[in-house]
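Geometric and topological summary
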Amino acid sequence: MFLLFCAFFSGSNRKSTALTGSARKIKDNAADFHNIILRWDKLNNEGLNIATKISNKRTQSRPNPDLLVVGESVLFQSLPAGGAEELQDECCKLQDIVKKMSGLVLKMERLLESHSGLSDLDQFRTQGLTPPLFQTWTTADFGESWFSPDLLSELDLKTLILQDLAHCESPDMIMVYLSLWIHEPHIPVQTRLGLEGLLLETGHRDL
Amino acid sequence: MSQMSLTPLHQALRKAFQCIENNQRTWRTVLDECGPLMVSLGNLAEQFVALSKVDLYKTPLKVFPDLEEKLRFKLHHATDTVMGKLHEKLSSLQSVRDSISSQVSSVFQIQEQLSQTLDISVLTERSATVPSVADMMQWLQDADRHYRQQFVKRKSLLLTLRPDDFSQMESAPDRWNSLESPNTEHRITDMLCKVSFFTESQ
């Protein structure tokens, strides 16, 4: 009974800045989550610029069609002086970006774990009768907003692009790689709305 | 008598020229905003074409199931967003065209109402600062026709775009730019200069 009272108390505190318990933790997690996504988008843009440079170097260094008969070595001969080093530099930069992104995915997974812990705790305390924490969502509802598995498959895709982009010879394939990098096909369109919903619910965004 | 009855017509003419002057700027701004949108539309078409030429199952990407469908969906979504913005711009162009058309047609209505009292010599009379009514009405009609034609051409270009017709979409930015008619735009600016003394004199 006392626990139920505590849960109600934290729910009724929704307008105040002195949140406690699950609400406090979820509000902080939502802020972290938002920061992770902002950081991810920034890295994605930086990565796109680097990937575009790499693809430009690849398409510029493509052999002249007339020389194709000479063989594969033409590709390397036609690279401008210092081109290989520049290409290597850009690939290293892209590698750094992907590394930072994998750091973000780790953070996201930690958030997800912390949230599932919170969910279990609330479930245990209230036997499934949790009142809304802020406006209308219960602890369990918040679980639907995190999209760690999507980010993880997106990271795998980006790692693959990183590995293959500088070796790819077909301009169409290079274009598909760039397209995949920009549009992030593993992250569904509605997740952005979910994030906005989360920020509205927790009061980070004003209604 | 004729000079007296010319006053409402002069007022309507002033109003129409001011309307063209204000809307000419809006028109230019909207068209400038359309440029980058058309470029992104062309880019998206290129991405579609590249995707359809590549068989992802024969590339390292085969480890991701449904990747092609997912990317195709995202590309369609991005195209939708760009098209939505372009249609918003188109409706701004339409409102420019409508406001110019309504001002110009009100000038012609007034002229029609006064046609009994206005002598041809009055309509063609001009001075160093005021061009003749006949000339001004012709310029108005030219400007009106220009905006109408431009709007219809740009609208039909957007209407012919289909999400599955990549070659149309790819060539859209060039076709959009080819619709520019700097000479007519220049003539309208020129005309506004010619009537500047007239519009400023109340």
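See the structure printed just above.
Every chain begins its residue count from 1, and numbering advances along the sequence as written. For naming, the first written chain is A and the first written ligand is 1, with later ones following in the order written. Local features in this predicted model are restricted to residues of pLDDT 70 or higher, and side-chain atom pairs are both shown and tallied only at a pLDDT of 80 or more, whereas totals for entire chains, interfaces and linings draw on every residue. Side-chain measures here rest on the full set of heavy atoms in the structure, leaving out hydrogens and waters.

Description of the overall build of chain B
Just so we agree on the cut-off: Secondary structure follows DSSP: runs of H or I at least 4 residues long count as helices, runs of E at least 2 residues long count as strands, and numbering of each begins at the N terminus. Each residue gets one of three labels from its accessible area relative to the maximum for its type: buried under 20%, exposed over 50%, partly exposed in between, using a 1.4 Å probe on protein chains only. Residues count as neighbours in contact if any of their non-hydrogen atoms are within 4.5 Å of one another. Surface accessibility follows the Shrake-Rupley procedure with a 1.4 Å probe radius. Residue values consider only the protein chains on display as shielding.
A tally of helices and strands in chain B yields seven helices and zero strands. Along chain B, helices (α) and strands (β) appear in the sequence α-α-α-α-α-α-α when read from the amino end. Relative to its full complement of 202 residues, chain B shows a buried share of 43%. Taking all contacts inside chain B whose residues are at least 6 apart in sequence as the whole, residues at least 24 apart take part in 83%. Approximately 11000 Å² of chain B is accessible, and the part contributed by carbon and sulfur atoms is 52%.

What to know about the overall build of chain A
For chain A, the count of helices and strands is eight helices and zero strands. When its helices and strands are written in sequence order, chain A yields α-α-α-α-α-α-α-α. Each of the 207 residues in chain A was classed as buried or not, and the buried ones make up 42%. Considering only residue pairs separated by 6 or more positions, chain A has 81% of its internal contacts joining residues 24 or more positions apart.

Some thoughts on the pattern of salt bridges
All names here are of chain A. For the record, the criterion: Here, a salt bridge means any Lys or Arg side-chain nitrogen found within 4 Å of an Asp or Glu carboxyl oxygen.
Inspection of every chain in the model, using the stated rule, returns 21 salt bridges over all chains. In this structure, the salt-bridge partner of arginine 125 is aspartate 122, at a minimum N-O distance of 3.0 Å. Of this pair, arginine 125 and aspartate 122 both sit in helix α4 (residues 83–126), separated by three residues, roughly a single helical turn. A relative accessible area of 25% places arginine 125 in the partly exposed class.

Comments concerning the interface of chain A and chain B
Where we set the bar: The term buried area means the drop in 1.4 Å probe accessible area that two parts suffer when joined, counted for both and summed.
Chain A puts 20 residues into the contact, and the matching count from chain B is 21 residues. Of the roughly 1700 Å² buried at the junction of chain A and chain B (both faces included), carbon and sulfur atoms supply 78%. It is Met175(A), His183(A) and Val189(A) in chain A that bury the most area against chain B; as a group they hold 30% of the surface buried on that side. Linking chain A with chain B are one salt bridge. The closest approach of N and O atoms between Asp172(A) and Lys53(B), which form a salt bridge, is 4.0 Å.

Description of the nonpolar core
Convention followed: Within this scheme, the nonpolar core is defined by two criteria: the residues are buried Ala, Val, Leu, Ile, Met, Phe, Trp, Tyr or Cys, and they are joined through side-chain atoms within 4.5 Å.
The biggest cluster of nonpolar side chains holds 110 residues, and the ones touching the most others in it are Leu13(B) and Leu61(B). Each residue touching Leu13(B), except ones within four places of it in the same chain, is listed here: Val107(B), Val133(B), Met136(B), Met137(B), Leu140(B) and Phe198(B).

Points about unusual backbone geometry
For Glu184(A), which is not glycine, the phi torsion reads 45° and is therefore positive. Take Glu184(A): it is sitting in the loop between α7 (171–183) and α8 (190–201). Unusually for a residue other than glycine, Asp66(B) sits at a positive phi of about 60°.

Considerations on the side chain of Lys158(A)
Residues and elements named next belong to chain A. Going by this rule: Two N or O atoms count as a polar contact when they lie within 3.5 Å, although within protein this holds only if one can serve as hydrogen donor and the other as acceptor, and sequence-adjacent residues are included solely when both atoms are side-chain atoms.
Here lysine 158 is to be found in helix α6 (residues 148–165). Here the side chain of lysine 158 touches glutamate 184 through a polar contact of 3.4 Å, side chain to side chain. For lysine 158, the contacting residues outside a window of four places in its chain are Trp40, Asn44, Val98, Met101, Trp181 and Glu184.

Looking at the packing of helix α2 (residues 67–113) of chain B against helix α4 (residues 133–160) of chain B
Residues and elements named next belong to chain B. So the rule is basically this: Each axis is a line fitted through C-alpha atoms, and for a helix only the stretch in contact is used; angles between axes span 0 to 180 degrees, taken between their N-to-C directions. For classification purposes, an angle smaller than 35 degrees is called roughly parallel, one larger than 145 roughly antiparallel, one from 65 to 115 roughly perpendicular, and anything else oblique. Handedness of a crossing follows from how the near helix is turned relative to the far one, being left-handed for an anticlockwise turn of less than a right angle and right-handed for a clockwise one. Throughout, the ten residues Ala, Val, Leu, Ile, Met, Phe, Trp, Tyr, Cys and Pro are labelled nonpolar, Asp, Glu, Lys and Arg are labelled charged, and all others, Gly among them, are labelled polar.
Running from amino to carboxyl end, α2 crosses α4 at an angle of 155°, the nearest separation of the two axes being 9 Å. Classified by the angle their axes make, α2 and α4 are roughly antiparallel. Every pair of crossing elements has a handedness; the one defined by α2 and α4 is left-handed. A per-class count over the contact of α2 with α4 returns 13 nonpolar, five polar and five charged.

Remarks on the packing of α4(B) against helix α6 (residues 182–194) of chain B
Residue and element names in this part refer to chain B. Contact geometry of α4 with α6 gives a least axis separation of 10 Å together with a crossing angle of 150°. Between α4 and α6, the crossing angle belongs to the class labelled roughly antiparallel. Helix-helix and strand crossings are classified by hand; for α4 and α6 the assignment is left-handed. Between α4 and α6, the residues in contact are Trp139, Leu140, Ala143, His146 and Tyr147 and Thr184, Glu185, Ile188, Met191 and Lys194, respectively. Taken together, the residues of the contact of α4 with α6 sort by class into six nonpolar, two polar and two charged.

Describing the packing of aromatic side chains
What counts here: What counts as a ring pair is set by centres within 6.5 Å for rings of Phe, Tyr and Trp (its six-membered ring), and what kind of pair is set by the plane angle: stacked under 30 degrees, edge-to-face over 60, tilted for all other angles. Charge-over-ring placement is defined geometrically: NZ (Lys) or CZ (Arg) within 6 Å of the ring centre, and within 35 degrees of the ring normal.
Within the structure shown, the criterion is met by four aromatic pairs over all chains. With a centroid separation of 5.8 Å and 75° between ring planes, the pair formed by Phe134(A) and Phe142(A) is classed as edge-to-face. Relative accessible area serves as the criterion here: at 2%, Phe134(A) is assigned to the buried category. Between the NZ or CZ atom of Arg154(B) and the centre of the ring of Trp176(B), over which it lies, the distance is 4.7 Å.

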